[in-house]
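Analysis of the macromolecular model
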Amino acid sequence: MSVSVPAPVPVPAAAQSSAAAQRPGAAEPAPPRPAREGPAAAVMLVVGFVLLSLNTRVAFGQLGPLAPVAGFGTGTLTLLGLLPPLCMGLFAPLAATARRRLGEERGLFWASALLLAGAVVRILGLPGLFIGTVLVSIATAVVNVLIPVFVRSRFEPRRVGVMMGVYALSMGVGSALVAALMVPVWEASGHSWRTAIGLAAVPAALAALGIAPQLRHAGRGAGRGAEPGAARTGVPGSAGAVGTGVPGSAGTRAGDTRARAGGAGVGKGGDRSGRTGRLDGLAWSLIAFFGLQTLLFYTTLAWLPAILVDAGVAKGTAGGMQSLFILGVAIGGFLTPVLAAARTDQRPHLFGVLLVCALGYAGLLVAPASAPALWAVVLGAGLGGGQAVAGVLYVKRGRDHDHVAALSTVAQTGGYLIAAAGPVTASVLHAVTGTWTAPLFAFVGVLLLSTVASLRAGHDRPAAGPAPVAGA
């Protein structure tokens, strides 16, 4: 007598992955990868990404070369140096809203459009320069937060370090090219700083045009939470989410669904959403490292020509050193993420960046007029590396798209607010002492603080048992 056996009921792959992830000791599902695109689409993606990156810091590098020759007052320069980090800190949370409602692609496009508008407004006299700088800074705040998430979601995991390096390199090259043109354009236009400032509208327009083709992907990214295969809890980076396959990042190793000791970002226990209002050690370390590095970057960007002029360097030469500084930013900004992304522990790279910065500031203290080009490039390479490697830290320490976005947002919100104190503090120290020696020594002290702050942000902590369940 034959017995018929019912055919097995097919189980959806997503359910299998979820069940497998919940079994003790089970291996993680294969990490999801971005969908492959055709050659033409891939070229448009890279070109748009580069054009967007070229424009991101252009407006902030224009005033340094013009400051010694255009007659801007100390108060004007101090306020214009304060506005970018202050606005980027205050408006970084806006990126989370833009991402939730628009997705990364639309968010980046509209931020580029706002940046173009700000570049145009900056031409309209001194009041326009202030208002336009605020608009540019708000737009840049959104771009800064969305770029690491965009890179993680649109590029292969093995390309993350390279693309973050390309972002920083392009950023530096665009800013350096425009900065190098400031004084020649100012002279050729009959000493019109408005004409020189207006150059920023060209790369801003190219950035908006370059990123526009990616709007066809916008529907796929809007409201994107945890990556495919992750448990949909509605809590960014909550327990149960699996990783994305970024080398060395959380979620790529078996058993990494367990929370690392000490937490991994925002909130506590299994709830990483920040609803508790508490930040863990990783978040504070990212805030401190990024904030101190950004403080040094924007303060040096604002005052390097003045430091060199005070040391006896000719005004025109000092303005040219600003371009070399930004070129150094591009070099360090490309190399550091590429090297750091290849490792699971970024602490050696962070310490290397801080050491290069210390060498640059030591040169400005000991022999500023003897080799200003050398100190400008060295200092730029160190500070550029420090700025760029932060994006790698968000991607490496984040478990999924939402967690990367949360880490990027909280680090840049707190970090830029810390950085806003830099240009003003340096100006006050210079006014009180009558020399740039005190501010330069203060910069070295900030590097020492940054060394301590980077320890937690630079590596993953070992797994320490199952994550506590939210609300348990």
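What you are looking at is a predicted structure, and each value in this text was computed from that prediction instead of being measured. (Residues numbered from 1 in each chain as written. Predicted model: local features only at pLDDT ≥ 70, side-chain atom pairs only at ≥ 80, totals over all residues. Heavy atoms only, no water.)

**Quick notes on the overall build of the chain**
Each helix and strand counted, the chain has 17 helices and zero strands in total. Of all 472 residues assigned to the chain, the portion counted as buried reaches 55%. Considering only contacts in the chain between residues 6 or more positions apart, those separated by 24 or more positions represent 81%. In the structure as shown, the chain presents an accessible area of about 18400 Å², 69% of it carried by carbon and sulfur atoms. (Helix = DSSP H or I, 4+ residues; strand = E, 2+ residues; numbered from the N terminus. Buried < 20%, exposed > 50% of the residue type's maximum accessible area, 1.4 Å probe, protein only. Contact = heavy atoms within 4.5 Å. Areas by Shrake-Rupley, 256 points an atom, 1.4 Å probe, with all protein chains shown as cover.)

**Some words on the nonpolar core**
The tendency in soluble globular proteins is for nonpolar side chains to be buried as a group. Ranked by size, the top nonpolar core spans 110 residues in total, and within it I147, F325 and Y361 carry the most contacts. If one sorts the elements of this core by residue count, helix α11 (residues 281-310) sits on top with 14 residues. Dropping the residues within four chain positions of it, F325 is found in contact with F297, T300, L301, L304, A376, L379, G380 and L383. (Core = buried A, V, L, I, M, F, W, Y, C linked by side-chain atoms within 4.5 Å.)

**A look at empty space enclosed by the protein**
Tallied over the full model, the rule gives four cavities of 30 Å³ or more. By volume, the largest cavity is sized at about 180 Å³. In this structure, the largest cavity is lined by 13 residues; those nearest its centre are F60, L63, L80, G81 and A302. Of all the secondary structure elements, the ones that give two or more residues to the lining of the largest cavity are α3 (63-70), α4 (74-91) and α11. Examining the composition of the lining of the largest cavity, we find that four residues originate from one element, α4, more than from any other. Of the residues belonging to the lining of the largest cavity, the class tally is nine nonpolar, three polar and one charged. (1 Å grid on protein atoms, 1.4 Å probe; cavity = no way out; pocket = protein on both sides within 12 Å on 5 of 7 lines; lining within 4 Å. Points joined across faces, edges and corners; volume = space filled by probe spheres on them. Nonpolar A, V, L, I, M, F, W, Y, C, P; charged D, E, K, R; others polar.)

**Digging into the packing of α11 against helix α16 (residues 421-433)**
At a closest axis distance of 8 Å, the pairing of α11 and α16 adopts a crossing angle of 55°. The orientation of α11 relative to α16 falls into the category oblique. Considering the relative orientation of α11 and α16, their crossing is right-handed. The residues of α16 that touch α11, namely those facing L295, Y298, T299 and W303, are G422, P423, A426 and S427. Among the residues making up the contact of α11 with α16, the classes are represented as five nonpolar, three polar and no charged. (Axes fitted to C-alpha atoms, helices over the stretch in contact; angles between N-to-C directions. Parallel < 35°, antiparallel > 145°, perpendicular 65-115°, else oblique. Left-handed = near helix turned anticlockwise from the far one by under 90°.)

**A look at the packing of α11 against helix α14 (residues 372-397)**
Viewed as axis vectors pointing N to C, α11 and α14 meet at an angle of 155°, and their least axial separation amounts to 10 Å. When the interaxial angle is binned, α11 and α14 end up roughly antiparallel. The hand of the α11/α14 crossing is left-handed. Every residue of α14 that contacts α11 at L282, L286, F289, F290, Q293, T294, L296, F297, T300, L304 and L308 is listed here: P372, A376, L379, G382, L383, G386, Q387, V389, A390, L393, Y394 and R397. Residue classes in the contact of α11 with α14 are distributed as 16 nonpolar, six polar and one charged.

**So, the pattern of salt bridges**
All chains considered together, the criterion is met by four salt bridges. Linking E104 and R99 is a salt bridge whose minimum nitrogen-to-oxygen distance equals 2.7 Å. Judged by its relative accessible area of 7%, R99 falls in the buried class. A salt bridge links D345 to R347, with the shortest nitrogen-to-oxygen separation between them at 2.6 Å. (Salt bridge = Lys/Arg side-chain N within 4 Å of Asp/Glu carboxyl O.)

**Digging into the packing of aromatic side chains**
Evaluated as defined, the whole model comprises 13 aromatic pairs. Where F49 meets Y167, the ring centres are 6.2 Å apart and the plane angle is 45°; that geometry is what we call tilted. Highlighted residues: F49 in helix α2 (residues 39-55) and Y167 in helix α7 (residues 160-188), separated in sequence by 118 residues. Comparing F49 with Y167, the two get one shared label, buried. Centre to centre, the rings of W303 and W436 are 5.5 Å apart; their planes meet at 40°, and the pair counts as tilted. Within this pair, whereas W303 is found in helix α11, its partner W436 is found in the loop between α16 and α17 (437-457), the two being separated by 133 residues in sequence. For the pair W303 and W436, one class covers both residues: buried. (Phe/Tyr/Trp six-rings, centres within 6.5 Å; stacked < 30°, edge-to-face > 60°.)

**Quick notes on the side chain of T336**
Along the chain, the position of T336 falls in helix α12 (residues 315-341). For T336, the contacting residues outside a window of four places in its chain are V353, G385 and V389.

**Thoughts on unusual backbone geometry**
For residues that are not glycine, phi is negative in most cases, and the peptide bond is trans in most cases. Positive phi, close to 65°, is recorded for H191, a residue that is not glycine. As for its placement among the helices and strands, H191 is situated in the loop between α7 and α8 (193-198).

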